Amino acid sequence: MTSDTMTFTLRPPDPSGDAGLLHGWVTHPKAAFWMMQDASPRDVERAYREIAADEHHHALLGLRDAEPVFLMEKYDPAHRELVGLYEPRPGDVGMHFLVAPTDTPVHGFTRAVITAVMAHLFADPATRRVVVEPDVGNKAVHALNEAVGFVPEREIQKPEKRALLSFCTRERYLRAVSA
């Protein structure tokens, strides 16, 4: 999986083997919007075991040069996360992503990650539209989403947060990344 400047590979996380790594990511202060700040390593392992067993929710670790650098989740919004909050269409795929915390940020890295995540999702011909529901206060991710073609539709109230429901079609994604 390649963005314009970086190549990534994907693999499913090993819930027990990667729990420590993922725990460090999801409890980091920069991951506040991931809403796992108080999770224990055991909680993280349990969460990713549940995802691994769920036919409607999948997690993948993104690696660069064999080093884990991001986490992505994709889900079926007709069955997870957004049930009853909007009318899903055939080909809708929900997505979350989290970039690993670092003390040495690389300019453009997070944009390369979201671009690669979207390329992966749209590599499946059945994916017609990607759906996201970030916290309304997460301005940084709103800008990243817009950069890859997402269009906000409306705010929705989820049990855990006020979210900005946004959509990106394959056509909007391709236009955004070729601009």
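Up top is the structure.
About the criteria used
Residues numbered from 1 in each chain as written. Predicted model: local features only at pLDDT ≥ 70, side-chain atom pairs only at ≥ 80, totals over all residues. Heavy atoms only, no water. Helix = DSSP H or I, 4+ residues; strand = E, 2+ residues; numbered from the N terminus. Buried < 20%, exposed > 50% of the residue type's maximum accessible area, 1.4 Å probe, protein only. Contact = heavy atoms within 4.5 Å. Areas by Shrake-Rupley, 256 points an atom, 1.4 Å probe, with all protein chains shown as cover. Lys, Arg positive; Asp, Glu negative; His and termini not counted. Charge placed at Lys NZ, Arg CZ, Asp CG, Glu CD. Salt bridge = Lys/Arg side-chain N within 4 Å of Asp/Glu carboxyl O. Phe/Tyr/Trp six-rings, centres within 6.5 Å; stacked < 30°, edge-to-face > 60°.

Chemist: Which residues make up the overall build of the protein, and what values do they have?
Modeler: Of regular secondary structure, the protein possesses 5 helices and 7 strands. The helix and strand sequence of the protein, counted from the amino end, reads β-α-α-β-β-β-α-β-α-β-β-α. Dimensions along the principal axes, computed over C-alpha positions, put the protein at roughly 40 × 35 × 30 Å. Expressed as a percentage of the 179 residues in the protein, the buried residues total 47%. Across the protein, the fraction of contacts at a sequence separation of at least 24, relative to all contacts at a separation of at least 6, is 61%. Just so you have it, the protein exposes about 9,400 Å², and 53% of that area is on carbon and sulfur atoms. With 20 positive and 25 negative side-chain charges, the protein shows a separation of 4 Å between the mean positions of the two kinds.

Chemist: Please provide a residue-by-residue account of unusual backbone geometry, values included.
Modeler: Of note in this structure, Asp 65 is not a glycine but carries a positive phi near 55°. Examined against the element boundaries, Asp 65 turns out to sit in the loop between β2 (57-64) and β3 (67-75). Given the relative accessible area of 74%, Asp 65 is considered exposed. Even without a glycine there, the phi angle at Glu 81 is positive, about 65°. Within the secondary structure, Glu 81 is located in the loop between β3 and β4 (92-99). Note on Glu 81: relative accessible area 32%, which makes it partly exposed.

Chemist: I'd like to hear about the pattern of salt bridges, residue by residue, with values.
Modeler: A full pass over the atoms with the stated rule returns 11 salt bridges. For Glu 160, the salt bridge is made with Lys 158, and the minimal N-O distance between the two is 3.0 Å. We classify Lys 158 as buried; its relative accessible area is 3%. The structure contains a network of salt bridges with shared partners spanning Glu 81, Glu 133, Lys 158, Glu 160 and Lys 161.

Chemist: Report on the packing of aromatic side chains, specifying residues and quantitative values.
Modeler: How two aromatic rings sit relative to each other is given by the distance of their centres and the angle of their planes. Across all of its chains, the model carries 4 aromatic pairs by this definition. With a centroid separation of 5.5 Å and an interplanar angle of 50°, the aromatic rings of Tyr 86 and Phe 167 are classed as tilted. One end of the pair, Tyr 86, is in the loop between β3 and β4; the other, Phe 167, is in strand β7 (residues 162-169), and 81 residues separate them in sequence. In this structure Phe 167 comes out as buried when scored by relative accessible area, which is 3%. The structure contains a cluster of three or more aromatic residues connected by ring pairs, namely Phe 8, Phe 70 and Phe 109.

Chemist: Describe the side chain of Asn 145, listing the residues and the values that go with them.
Modeler: For Asn 145, the position within the fold is in helix α4 (residues 139-147). Asn 145 gets classed as buried once you look at its relative accessible area, which sits at 5%. Apart from the residues within four sequence positions on either side, Asn 145 is in contact with Ile 114, Val 132, Pro 134 and Phe 150.

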